[in-house]
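The chain contents come next:
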Amino acid sequence: MSSKVKKTQTVDAKSMDRLSRVLGAFDENLGFLMRELNIIAFVEGVKIRLEGEQEPVVWGAKALNALVKIAETGEEIDETRVAYCIELAKEGREDEASALSEGVIAVTARGKQVKCKTVGQKNYVDAIKKNTVVFGVGPAGTGKTYLAVCMAVSAYKSKQVEKIILTRPAVEAGEKLGFLPGDLQEKVDPYLRPLYDALQEMLGLETYAKLMERGAIEVAPLAYMRGRTLSNAFIILDEAQNATKEQMKMFLTRMGEGSKVVVTGDITQIDLDGKTSGLVHATTILDGVDGIAVCKLTAKDVVRHPLVMRIVRAYEQAMEKDEKEKSSKPTRKGE
């Protein structure tokens, strides 16, 4: 028998509609919460009673209260949202969850409202609104590229910019574009597919095709930015962790009057054969410069399957362990 203190706590959903949203289909959300915190839950009318060790029960109650507030707005709740509320509850920040349902960033071609799903995402979007240059750094699944595209489309529709420019370091100077079939557009297509998908979702296939044809949406590899001045444009540099320091400087100095720049990347996926990442270098020297914001998203901001959050966290912990081991190793004399 465990010697730890046992606790019981009850959360009132206040209505069957809110309760059903919180519980999820076939009580999947509640089952997920019980497994994550190793507690037991009972549904009694419109109330949920939690039993288990004191700390997990307190976290569970805080997470459920946050989910009830989200349910009040009519939002659908899934396991990813439950996992995030649990993380906030553990940090004592569960009140921040309900604020995420308030602002609509954009509306897709099918009428679906796009909202921030984590506090980190909200800070990222707010930074894009307030600053001229924003670096969005974080692991896969945090929405950094998708949200940048949403903001670009929103800026274009409201006539804040005249065009959207998408680029990424598909190749460096000497990139092997010539070995791929087709014209320039077809050569870079495979590298920019996530950006295309997001644009098509936001604009609809027909509008997207028209804007591409008119040149209002432009796609080019980073190497082709040299010598240009990009004015009145919303410019997104994706996968920036694979840009060199020289490429990053070249890109950032292309910005002209009336433009906004968002640079996204994942510093855990650098593939530069020993060269310093331009993203790492830029975020180090430019953090704090007026008009520039550096937003760091983490495993808590992953909005894909909850398992992705655990995978990202496991890799982060492994990297931290490797860095500690490297720093603790004594260096030989003369090194």
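If you're wondering where the values come from, they're calculated on a predicted model, not measured in any experiment.

J.: What is the right way to read the sheet that holds strand β8 (residues 217-221) from this model?
T.: Strands in a sheet are paired, the pairing made by backbone hydrogen bonds, and the direction either parallel or antiparallel. Read across the sheet, 6 strands follow the order β8-β7-β9-β10-β6-β11 without closing on themselves; strand pairing throughout is parallel. Each of the sheet's edge strands pairs with one partner strand only, and the pair in question is β8 and β11 (292-296). The average undirected angle you get between the axes of adjacent strands in this sheet is 15°. Taken together, the 5 bridges between strand β7 (residues 163-168) and strand β9 (residues 233-237) define a ladder with parallel strand orientation. Within β9, the residue paired with lysine 163 across the bridge is alanine 233. Strand contacts of helix α5 (residues 119-130): β6 (133-137), β9, β10 (260-265) and β11, with the helix running at about 150° to β10, the strand carrying the most contacts.

J.: Would you explain the pairing of strand β2 (residues 40-44) in this entry?
T.: In terms of strand pairing, β2 meets strand β3 (residues 47-53) through 5 bridges, oriented antiparallel. Note that in β3 the partner of isoleucine 40 across the bridge is glutamate 51. In this antiparallel pair of consecutive strands, β2 and β3, the connection spans 2 residues, and glycine 45 shows a positive phi of 70°.

J.: Would you mind showing me how to read the packing of aromatic side chains here?
T.: Aromatic rings considered in pairs are described by the distance between their centres and by the relative angle of their planes. Across all of its chains, the model carries 1 aromatic pair by this definition. Both rings, one in tyrosine 196 and one in tyrosine 208, keep their centres 6.2 Å apart while their planes meet at 65°; by these two values the pair is edge-to-face. Highlighted residues: tyrosine 196 in helix α8 (residues 193-203) and tyrosine 208 in helix α9 (residues 205-214), separated in sequence by 12 residues. One exposure class covers both tyrosine 196 and tyrosine 208, and it is buried.

J.: Would you explain the pattern of salt bridges in this entry?
T.: A side chain of one charge can pair with a side chain of the opposite charge if their charged atoms are brought near each other. Across all of its chains, the model carries 15 salt bridges by this definition. As a salt-bridge pair, glutamate 72 and arginine 18 come within 3.8 Å of each other at their nearest N and O atoms. In this pair, glutamate 72 is assigned in helix α3 (residues 54-72) and arginine 18 in helix α1 (residues 16-23), connecting sequence segments 54 residues apart. Measuring nitrogen to oxygen at the nearest pair gives 2.7 Å for the salt bridge that ties arginine 21 to glutamate 76. Taken together, the residues span a long stretch of sequence, with arginine 21 in helix α1 and glutamate 76 in the loop between α3 and α4 (79-90) at a distance of 55 residues. Linked through salt bridges whose partners overlap, the residues forming this network are Glu91, Arg93, Glu96 and Lys300.

J.: Looking at this model, I keep getting lost on the nonpolar core. Mind explaining?
T.: Membership of the largest hydrophobic core comes to 71 residues, with the highest contact counts inside it found for Leu33, Ile48, Leu50, Ile105, Leu199 and Phe234. In this structure phenylalanine 234 touches Ile128, Ala148, Met151, Ala152, Ala155, Val161, Lys163, Ile164, Ile165, Lys260 and Val262, once residues within four positions along its chain are discounted. Counting 24 residues, the second-largest nonpolar core is a separate cluster that includes Phe135, Leu237, Ala240 and Ala282.

J.: I keep staring at helix α10 (residues 245-252) and nothing clicks. Help me out?
T.: At 3.6 residues per turn, the α-helix brings residues three or four places apart onto the same side. Every buried residue of α10 is accounted for by Gln247, Met248, Met250, Phe251 and Leu252. Of the surrounding secondary structure, the elements contacted by the buried residues of α10 are β6, β7, β9, β10 and α11 (278-286).

Here is what the cut-offs are and how they apply
- Residues numbered from 1 in each chain as written.
- Predicted model: local features only at pLDDT ≥ 70, side-chain atom pairs only at ≥ 80, totals over all residues.
- Heavy atoms only, no water.
- Pairing = 2+ DSSP bridges.
- Helix = DSSP H or I, 4+ residues; strand = E, 2+ residues; numbered from the N terminus.
- Axes fitted to C-alpha atoms, helices over the stretch in contact; angles between N-to-C directions.
- Contact = heavy atoms within 4.5 Å.
- Phe/Tyr/Trp six-rings, centres within 6.5 Å; stacked < 30°, edge-to-face > 60°.
- Buried < 20%, exposed > 50% of the residue type's maximum accessible area, 1.4 Å probe, protein only.
- Salt bridge = Lys/Arg side-chain N within 4 Å of Asp/Glu carboxyl O.
- Core = buried A, V, L, I, M, F, W, Y, C linked by side-chain atoms within 4.5 Å.

That's the geometry; what it means functionally is another story.
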